[in-house]
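# Working through the structure, step by step
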Amino acid sequence: STQVPEWRASIRKRSHTYKGNFDAFLNELVPSRTPCPLPDPDNALSIHWGSSVGIFNALVSDFPEDKRLSFREGHHQAVPFPYPNFASKHHSTRPDIMVSFPGEYLYTAKVRPHNWSQFSMVVAVEDAAHKDPFAGPPTPFKDNSLLQLSLNARGLLLEHGFLAAFVIGVYGDAVRIARFDQACAVASPRLDIKTKEGLKGVRDFFWRFVHPWEARPRAVVGHDATMRKLTADDRSWLRRRLGSEASSLLRGCNLRRHARRVLIWDDALDSTEARARAIIVFKPIDVSGRVFSRSTMVWLGVEDTRVEGGPDSDEGEELQLCVLKEAWRKLSHPSEKIFYDRLMETISRNGWIGLPQMVCGGDLGEIEARHYEGACSYERSHTRLVVNVVGRPLSRFKSTKQLAMVMRDALRGHLLALENGGVLHRDISPGNILIVDRPVKGCSSVGVIHDFDYSWMPSEPPRKVRRTRRTRPIELPPTWVSDENGDYDLKQTTGTHYFIAVQFMDPDQPNPFHAAYHDIESFFWVLLFIVLRHTSHDHPRGREAWRIVFTSEDESFAVSDKRRWVDYRREPLQITGNAPLTELLYRFGELVAHQLRSDIFLKYDEVLALFDKAIDRPDWPKNDAAIPYSADDISLDEFLPEEASECSTRVPAGPPSGPRGEKRARSDSDSELTELVSGMASASKTIASGSSRAPKRQKTADSEMPLASVGSELESARSTTAVSGI
């Protein structure tokens, strides 16, 4: 694939070498307030023990027993992706050396199979100094080494919910310690493991690593003080709270390994007050495998309403499940919470349809910045958001009639958000439309549209009085702009590549203002995508027909593919035994084709009328649930930095802040890098950093800025910041 060099370059762009000395690296990036009382190690130690495992075990042999790390060779065993339900989409890795948590012992794989829950760090080992990926000019081998380090760091970050992670790289006699987070990797200056100074530096790192600012069980530098694994009492309470549904809801869940109790600060941006609420999450719904990205994780959970020392406060109450979304947003994008705040303020409680309601949410980076003097953030900020709708992916509809009803409700929700709150979604895709599994009080929706990460809205809602009639699409631009760059922002090409409106992809046209009709067109491409992949139809290529429309990465070809589908099909695609869906898809396509050929744009009323008419038909088939679709290849997006997976569509000349929220859909031409990853013998990298009481924040990539000091339980390096000396 011609894109592979770009991806390698992107990972390298996010990998930096610290420009200060090693002591400064430790002071800034491995914060600890417990001085090491041990005497300096003798350089004869490296000669006596020989192997890296022996040297590292010897360096920690005098640590207190409850702080001692255990090191074990691991390259002989593949360690799969941390979450089994998603493992088939992601590569396993083979860490050269695995590192335990403080006070724990790593057994051989024959005694206890290894998984990420047992590791606090990973060590990569190469036989020569010239293979150090952080030194000298880049080479394909070094880029591949960085890729493997990223895969291992990803495993640790996802498994433990770390805010940052450390990886040790051994290259001949040279040692580097690298810190990874969602923004970048920063490697320490080289140490020579055969010298007294080098041994002392590595030993001091281990000491700091197991002595974070806040002492908690299994705590290391980088752990998140606002999240913990469940105790036995927590697990018992959860089962009681789930009641008769516990068996079905907990099927496939590993409560000991993956379930967590998470604190969310329900904050108001104009207030210094923030109230903590606890959510117990027990089942991962979606896990992003990308490195240097938003690292979005979505969980099914329930609010922990227990009062310390008292009885269960919700005994006998109806079970209310919720969904927690955790992400590291770019500071160039507004927080998703402000869009939900607008919707909650402008939509009446009995008027909700097609949209989830926010239970609570907060931006921990912003809360830190407000509460702790000198705290600041530069690139990414840690956010948590809880909504009340629990749903299924669109690709798992139980009937095609349900599919149509879900799409209709999602379109209604899109209209409601725009008409009442002025919120334009701008990222319509199958992943952002959910089938509602459990009814929610005050909302009869069958489907909802969610994920407002890339949305836009004006500084004030469009009108005080809510409209009840749908007469025309609301076109926000160009008169409604939220700030001096608002019109520029609305010209950004946002959305998932497969489903972006043709007008935004056409290189022969200037970028328009993003309007409602662009999103309505995206609804059509979503429906077509799902139908081609998950239903039986008469296209000669069967369920691979979707590739004719959606796989081109080149803008010109992508535009041609989409135009060809709606402009030149003489006969409608026939969905087997399904006249209502056949008619709906064909008529919707006609409206899209008319929009592409003229300046008469798609309107909510026209499209909703098509759905209403189709859904009211009595001849829908029965028992026609989605046909599962699985691709044989593994997408490169699982480990690419977010910026490398953004769509390559045009960005107009404008402010230097760069495009907002562009995303590229997954590629199906991933064989080169898939083969590259599979064939590499060494996997290595690890995690550990950003103490839960770090006096300095740590994260960033490109700018040199001082680290901010913080304090208290929230001081967890929530915001990715620049590291001075990078």
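What counts as what
- Throughout this description, residue numbers start from 1 for each chain and increase along the sequence as written.
- pLDDT decides what is reported in this predicted model: residues at 70 or higher carry local features, side-chain atom pairs at 80 or more are listed and counted, and totals for whole chains, interfaces and linings draw on all residues regardless.
- To obtain the side-chain values, all non-hydrogen atoms of the structure were used and water was disregarded.
- Elements are defined by DSSP. Helices are runs of H or I of four residues or more, strands are runs of E of two residues or more, and each kind is numbered from the N terminus.
- Partly exposed describes any residue whose relative accessible area lies between the buried limit of under 20% and the exposed limit of over 50%, with all areas from a 1.4 Å probe on protein chains only and scaled to the type maximum.
- Any two residues having at least one pair of non-hydrogen atoms within 4.5 Å are treated as being in contact.
- Per residue, pLDDT measures the predictor's confidence, with a range of 0 to 100.
- By the convention used here, strands pair only if DSSP detects at least 2 bridges between them.
- The distinction between a cavity and a pocket rests on a 1 Å grid over the protein atoms alone: a 1.4 Å probe fits inside a cavity but cannot get out, while a pocket stays open yet meets protein on both sides within 12 Å along at least five of seven lines, and a residue with an atom within 4 Å of a point counts as lining.
- Grid points are joined across faces, edges and corners, and a volume is the space filled by probe spheres set on the points.
- Think of each axis as a best-fit line through the C-alpha atoms, taken over the contacting stretch in the case of a helix, with angles from 0 to 180 degrees between the N-to-C directions.
- Geometric relationships in this document are graded by angle, where less than 35 degrees denotes roughly parallel, more than 145 denotes roughly antiparallel, 65 to 115 denotes roughly perpendicular, and other angles denote oblique.
- In the scheme used here, Gly and all other residues not listed as nonpolar or charged are polar, with Ala, Val, Leu, Ile, Met, Phe, Trp, Tyr, Cys and Pro taken as nonpolar and Asp, Glu, Lys and Arg as charged.
- Just to be clear on terms, a salt bridge is a Lys or Arg side-chain nitrogen sitting within 4 Å of an Asp or Glu carboxyl oxygen.
- Within 6.5 Å between ring centres, the rings of Phe, Tyr and Trp (the latter by its six-membered ring) count as paired, and their orientation is classed by plane angle as stacked under 30 degrees, edge-to-face over 60, tilted in between.
- Whether a charge sits over a ring depends on NZ of Lys or CZ of Arg being within 6 Å of the ring centre and within 35 degrees of the ring normal.
- Under this definition, polar contacts are N or O atom pairs within 3.5 Å; protein pairs additionally need one hydrogen-donor-capable and one acceptor-capable atom, and for neighbouring residues in sequence, both atoms have to be side-chain atoms.

## What about the overall build of the chain?
In terms of regular secondary structure, the chain is built from 19 helices and 21 strands. Relative to its 726 residues, the chain shows a buried fraction of 61%. For the chain, contacts bridging at least 24 residues in sequence account for 74% of all contacts bridging at least 6.

## So, unusual backbone geometry
The phi angle at Asp451 is positive, at roughly 65°, despite the residue not being glycine. Within the secondary structure layout, Asp451 lies in the loop between β18 (447-449) and α12 (486-489). With phi around 55°, Asn623 is a residue other than glycine that occupies positive phi space. With respect to the helices and strands, the residue Asn623 is situated in the loop between α18 (604-615) and β20 (662-663).

## Re the confidence of the model for the chain
For the chain, the mean per-residue pLDDT works out to 79, and 75% of the residues sit at or above 70. Note that residues 464-488 has pLDDT below 50 and, in this model, 55 contacts with residues that lie over four places away or in other chains. This stretch, residues 632-640, has a pLDDT under 50; its non-local contacts, to residues over four places away or in other chains, come to 40 contacts.

## Quick notes on the pairing of strand β6 (residues 174-180)
Summarising burial for β6: seven of the seven residues are buried, a large majority. Burial of β6 is two-sided: the residues Ala174, Arg176, Ala178 and Phe180 facing one way and the residues Val175, Ile177 and Arg179 facing the other way are all buried. Two elements, strand β5 (residues 165-171) and β6, share seven bridges in a ladder whose sense is antiparallel. When the sheet's bridge partners are listed, Ala165 is paired in β6 with Phe180. Hairpin remark: β5 followed by β6, antiparallel, with two residues in the connecting loop; positive phi at Gly172, about 65°. Where β6 and strand β8 (residues 191-192) come together, two bridges link them in antiparallel fashion. Looking at the pairing, Val175 lines up with Leu191 of β8. In this structure, β6 lies alongside strand β7 (residues 185-187), joined through three bridges in antiparallel fashion. Within β7, the position partnered with Ala178 by the bridge is Ala187. Linking β6 back to β7 in an antiparallel pair, the connection comprises four residues.

## Side note on empty space enclosed by the protein
Tallied over the full model, the rule gives seven cavities of 30 Å³ or more. In this structure, the largest cavity spans a volume of roughly 270 Å³. Along its surface, the largest cavity is lined by 25 residues, and Leu157, Leu158, Phe162, Gln182 and Ser295 are the ones closest to its centre. Those elements that place two or more of their residues in the lining of the largest cavity are α5 (140-160), β13 (321-330) and β15 (380-387).

## Things to note about the packing of helix α17 (residues 579-597) against α18
The relative placement of two packed helices comes down to the angle between their axes together with the axis-to-axis distance. It is at 9 Å that the axes of α17 and α18 come closest, and there the two elements cross at 170°. Classed by the angle they form, the pair α17 and α18 counts as roughly antiparallel. Contact with α17, carried on its side by Pro580, Leu584, Arg587, Phe588 and Leu591, involves Glu606, Val607, Leu610, Phe611 and Ala614 of α18 and no other residues of that element. In the contact of α17 with α18, the residues fall into eight nonpolar, no polar and two charged.

## Details of the pattern of salt bridges
Following the criterion strictly, the structure yields 36 salt bridges and no others. Notably, a salt bridge pairs Arg261 with Asp304, separated by 2.9 Å at the nearest N-O pair. Pair noted here: Arg261 is in strand β10 (residues 260-267) and Asp304 is in the loop between β12 (297-303) and β13, with a separation of 43 residues, a long-range link. When its relative accessible area of 23% is taken as the criterion, Arg261 is described as partly exposed. Classification of Asp304 as buried rests on a relative accessible area of 8%. Its salt-bridge partner being Glu303, residue Arg277 comes within 3.0 Å of it at the nearest N-O pair. Of this pair, Arg277 sits in strand β11 (residues 274-287) while Glu303 sits in strand β12, and the two are 26 residues apart along the sequence. One network of salt bridges, in which partners are shared, links Arg228, Asp234, Arg261, Asp304 and Arg306.

## What about the packing of aromatic side chains?
This structure, assessed with the given rule, holds 31 aromatic pairs. Residues Phe166 and Phe209 carry aromatic rings whose centres are separated by 6.5 Å and whose planes lie at 90° to one another, so their mutual orientation is edge-to-face. Residue Phe166 is found in strand β5, and its partner Phe209 is found in helix α6 (residues 196-209); the two are separated by 43 residues along the sequence. Assessed through its relative accessible area of 0%, Phe209 is described here as buried. Members of the aromatic cluster, joined through ring pairs, are Tyr498, Phe499, Phe524, Trp525, Phe529, Trp546, Phe550, Phe588, Phe611 and Tyr629. When the ring centre of Phe101 is taken as reference, the NZ or CZ atom of Arg218 above it lies at 3.8 Å.

## A closer look at the environment of Pro189
Within the fold, Pro189 resides in the loop between β7 and β8. By relative accessible area, which is 18% here, Pro189 ends up buried. Separated by twelve residues in the primary sequence, Pro189 and Ile177 have C-alpha atoms spaced 8.0 Å apart.

## Some words on the environment of Glu379
As for its placement among the helices and strands, Glu379 is situated in the loop between α10 (364-371) and β15. In this structure the C-alpha to C-alpha distance between Glu379 and Lys330, which are 49 residues apart in sequence, comes to 5.7 Å. Here the side chain of Glu379 touches Arg14 through a polar contact of 2.6 Å, side chain to side chain.

## A closer look at the sheet that holds strand β16 (residues 391-393)
Overall, antiparallel pairing links the three strands, which are arranged β16-β17-β18 in an open sheet. Sheet topology places β16 and β18 at the edges, where each strand pairs with a single neighbour. Averaged over neighbouring strand pairs, the angle between their axes works out to 40° when direction is ignored. Against the sheet, helix α11 (residues 400-421) makes contact with β16, β17 (433-436) and β18, and its axis sits at roughly 40° relative to β18, the strand it touches most.

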